Amino acid sequence: MNMAKATNPTITINPMFKLLLWINAALCVVTLGVMIWIAAGSDPLPKARENLYNACEKVFMLTAGAFIGLLGGRAAAPDSRRA
């Protein structure tokens, strides 16, 4: 009796997409850490630290939005399934 082995389709993960997520996560974590470090510093902030905080805030907002865009786009068009 020869029974055919059932194959379960697997979802492939694009390595470049995974790399892009890691880069985005690293930027998000680093900028958040710098913002917390600056906020815990002396008050009033020197002009240079204030400029650094503002730059980190913008990058943090962009990376947070990029996560929504990347994952939303991924949900709308996932990679193909392989049998």
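The structure displayed is predicted, hence computed values, not measured ones.

Colleague: Quick question: what am I supposed to make of a nonpolar patch on the surface here?
Modeller: A cluster of nonpolar residues, Met16, Leu19, Ile23, Leu27 and Val59, forms a patch on the protein surface that exposes about 440 Å² of accessible area. On the secondary structure map, Ile23 appears in helix H1 (residues 15-39). Overall, the relative accessible area of 44% leaves Ile23 in the partly exposed class.

Colleague: What is the right way to read the confidence of the model for the protein from this model?
Modeller: In low-pLDDT regions, the fine details of the predicted coordinates are not to be read closely. Considering every residue of the protein, the mean pLDDT works out to 85; 80% of them sit at 70 or more. Predicted confidence in the protein is weakest over strand S2 (residues 81-82), with a mean pLDDT of 62, and strongest over H1, with 93.

Colleague: Would you take a moment to explain the packing of H1 against helix H2 (residues 47-76) for this structure?
Modeller: H2 packs onto H1 with a crossing angle of 150° between their chain directions and a minimal axis gap of 8 Å. One element, H1, and the other, H2, form an angle in the roughly antiparallel class. Of the two elements, H1 crosses H2, and the hand of that crossing is left-handed. A breakdown of the residues in the contact of H1 with H2 according to their chemical character gives 20 nonpolar, three polar and three charged.

Colleague: When you look at H2 in this model, what are you seeing that I'm missing?
Modeller: Since the α-helix packs 3.6 residues into each turn, any two residues three or four apart lie on the same face. Taking 1.5 Å of rise per residue, 30 residues should cover 44 Å, and H2 covers 44 Å from first to last C-alpha, within 8% of that figure. Turning to H2, its buried residues number three or more, namely Cys56, Thr63 and Leu70. Here the buried face of H2 lies against H1.

Colleague: What am I meant to see in the environment of Asn24 here?
Modeller: With respect to the helices, strands and loops of the structure, Asn24 is situated in helix H1. Residue class for Asn24 comes out buried when judged on its relative accessible area of 8%. Sequence separation of Asn24 and Leu70 is 46 residues, and the distance between their C-alpha atoms is 9.8 Å. The residues contacting Asn24, other than those within four sequence positions of it, are Thr63, Ala66, Phe67 and Leu70.

Parameters and conventions
- Residues numbered from 1 in each chain as written.
- Predicted model: local features only at pLDDT ≥ 70, side-chain atom pairs only at ≥ 80, totals over all residues.
- Heavy atoms only, no water.
- Patch = residues over 30% accessible without salt bridge, like charges linked within 9 Å, V, L, I, M, F, W, Y side chains within 5 Å.
- Areas by Shrake-Rupley, 256 points an atom, 1.4 Å probe, with all protein chains shown as cover.
- Salt bridge = Lys/Arg side-chain N within 4 Å of Asp/Glu carboxyl O.
- Helix = DSSP H or I, 4+ residues; strand = E, 2+ residues; numbered from the N terminus.
- Buried < 20%, exposed > 50% of the residue type's maximum accessible area, 1.4 Å probe, protein only.
- pLDDT = per-residue confidence, 0-100.
- Axes fitted to C-alpha atoms, helices over the stretch in contact; angles between N-to-C directions.
- Parallel < 35°, antiparallel > 145°, perpendicular 65-115°, else oblique.
- Left-handed = near helix turned anticlockwise from the far one by under 90°.
- Nonpolar A, V, L, I, M, F, W, Y, C, P; charged D, E, K, R; others polar.
- Expected span 1.5 Å × (residues − 1).
- Contact = heavy atoms within 4.5 Å.

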